[in-house]
Amino acid sequence: MRRREWLRSVASAAVLLAATGCANGSKKSGADVASDAAEGTGTSGDVRAALPDGVVSRRFGSAKITWIRDNEEGQMRANQMFVGADSTRIAQWAPEGGVPTAIAAYLVEVDGKRILIDTANGKPDSRLLPGLAALGIQPEAIDYIYITHFHGDHLGGMMKEGAPVFANAQVYVSAPEYDAWMTSPALAGRRAQAEATMRAYEARLRKFAFGDTLPGGILAMDAVGHTPGHAAFVVDKCLIGGDFVHGAALQLAHPELCARFDMDVPKSVETRKRLMAYAKENGMTLAGMHLPAPGFIERW
Ligand SMILES: [Zn+2]
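Residues numbered from 1 in each chain as written. Predicted model: local features only at pLDDT ≥ 70, side-chain atom pairs only at ≥ 80, totals over all residues.

**Regarding the overall build of the chain**
Put simply, the rule reads: In this text, helices come from DSSP runs of H or I with a minimum length of four residues, and strands from runs of E with a minimum of two, each type numbered from the N-terminal end. In this scheme the burial state of a residue depends on its C-beta neighbours within 10 Å: 20 or more other such atoms mean buried, 12 or fewer mean exposed, and anything in between means partly exposed; the C-beta positions come from the backbone. A residue pair is marked as a contact if its C-beta atoms, positioned from the backbone, fall within 7 Å.
Secondary structure summary: the chain contains nine helices and 19 strands in total. Each of the 300 residues in the chain was classed as buried or not, and the buried ones make up 49%. For the chain, long-range pairs separated by at least 24 residues make up 68% of all intrachain contacts whose partners lie at least 6 apart in sequence.

Below you can see the structure in the form of structure tokens.
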């Protein structure tokens, strides 16, 4: 998608958000959202700096969190990728035929540590390492990697040409996610990438339980449903929900909708509603690996 088309799609997504009630009082226009993405500026919690398109930093207490989009430009997720309602109703809710999405990772800088939450796809055109470089960070400087789940668009960036990309990072994964992918017969045909990645980082691998507080004071939360051991992470007043949504413009207004990738549909719906309620009750911003620019949602 060219930039002009993308701006148009963001603008129409903003109309969609307003129409579905997602905007919930937000005064931002679609163009404002796009310029946030380009400049890393916006609301009071932002860190003002000249950042490239697809890199957005925000401040949460003593932590700086940066959304780094892996793909060059935003994408649209087709309506057909969602289940849980009649397709004609979904078409009414998303009349453009789809909703904005992206693939992203988040960098958390707190207590002098650099924590990467997920690593995106790791494809040759990945923007993760250039995004980190724009922040002055080389892969060797990453202290920790926390993984939400074992799909390739989340741990793919840990490896390049069969070798680990992050030479010094301690890697934290949820114990139930690890166990499911390594041992479940149901995942036998799909575990090659996760298995090779875990093996490559074996000496610096840690498994956490839901409810554990990880280095940096980051809480690991149960977000099971999309995968058998999916985790979310709480950084101050930001909930990084991993794949709790794949099309925010549709699913925040209609959390009963699931993307076709959700492995356990009822559990995914339950988790999505629980995480959204938790964030709302605690006055938190939502972040997620498939949110469109700017990668943070304060009101929904
Ligand atoms: Zn994903």
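**Describing the sheet that holds strand 16 (residues 238-240)**
Stated precisely, the cut-off is as follows: Here a strand pair is declared whenever DSSP counts at least two bridges between the two strands.
Spatially, the six strands line up as an open sheet ordered 13-14-15-16-18-19, and their pairing is mixed. The open sheet has two free edges, formed respectively by strand 13 (213-214) and strand 19 (296-297), since each of these has just one partner strand. The pairing of strand 13 with strand 14 (residues 218-222) spans two bridges and is classified as antiparallel. Residue T213 lies in a different strand from strand 14, and its bridge partner there is L219.

**Side note on the pairing of strand 7 (residues 113-117)**
Rules: Crossovers are described as right-handed under a simple rule: with the strands pointing away from the observer, the path leading from the first strand over the helix to the second runs clockwise.
By the bridge criterion, five bridges tie strand 6 (residues 104-110) to strand 7 in an arrangement that is antiparallel. Paired with L107 across the bridge in strand 7 is L116. Here strand 6 folds back onto strand 7 in antiparallel fashion, the turn holding two residues, of which D111 has a positive phi close to 55°. As paired strands, strand 7 and strand 8 (residues 144-146) are joined by three bridges and run parallel to one another. Following the sheet pairing, L116 is matched in strand 8 by I145. The handedness of the strand 7 to strand 8 crossover, carried by helix 4 (residues 128-134), is right-handed.

**Comments concerning helix 7 (residues 192-200)**
What sets the pattern is the α-helix's 3.6 residues per turn: residues three or four places apart point alike. Condition: In this context, the arc is that of the directions from the helix axis out to the C-beta atoms.
Of all the positions in helix 7, only A194, T197 and M198 are classed as buried. Down the axis of helix 7, the buried set is contained in an arc of 95°. They therefore lie on one face. In helix 7, those exposed residues whose orientation departs by more than 90 degrees from the buried face are A192, A196 and R199. Buried-residue contacts for helix 7 involve helix 5 (152-155), strand 9 (159-160), helix 6 (175-183) and strand 12 (205-208).

**What to know about unusual backbone geometry**
Residue P294 is reached from A293 by a cis peptide bond, and omega for that bond is 10°. Note on placement: P294 falls in the loop between strand 18 (285-287) and strand 19. The phi dihedral of D118 is positive, around 65°, even though this residue is not glycine. Here D118 lies in the loop between strand 7 and helix 4. Within the chain, D236 stands out as a residue other than glycine whose phi angle is a positive 50°.

**What about the environment of W181?**
By the element assignment, W181 lies in helix 6. Leaving out residues up to four positions away in the same chain, W181 has contacts with F150, L187, R191 and A194.

**Re the environment of M158**
Assignment of secondary structure puts M158 in the loop between helix 5 and strand 9. Among the residues examined, M158 registers 24 C-beta atoms within 10 Å and is labelled buried. Residues contacting M158, with those up to four places away along its chain left out, are T119, G122, I145, P164, V165, F166, T197 and Y201.

**Thoughts on the confidence of the model for the chain**
Going by this rule: The predictor attaches a confidence to each residue, called pLDDT, with possible values from 0 through 100.
Mean pLDDT over the chain stands at 88; residues scoring 70 or higher make up 84%. Considering each helix and strand of the chain separately, the mean pLDDT is smallest for helix 2 (residues 30-39), with a value of 36, and largest for strand 8, with 99. Low pLDDT, under 50, characterises residues 1-44; the stretch is placed with 74 contacts to residues that sit more than four places away or in other chains.

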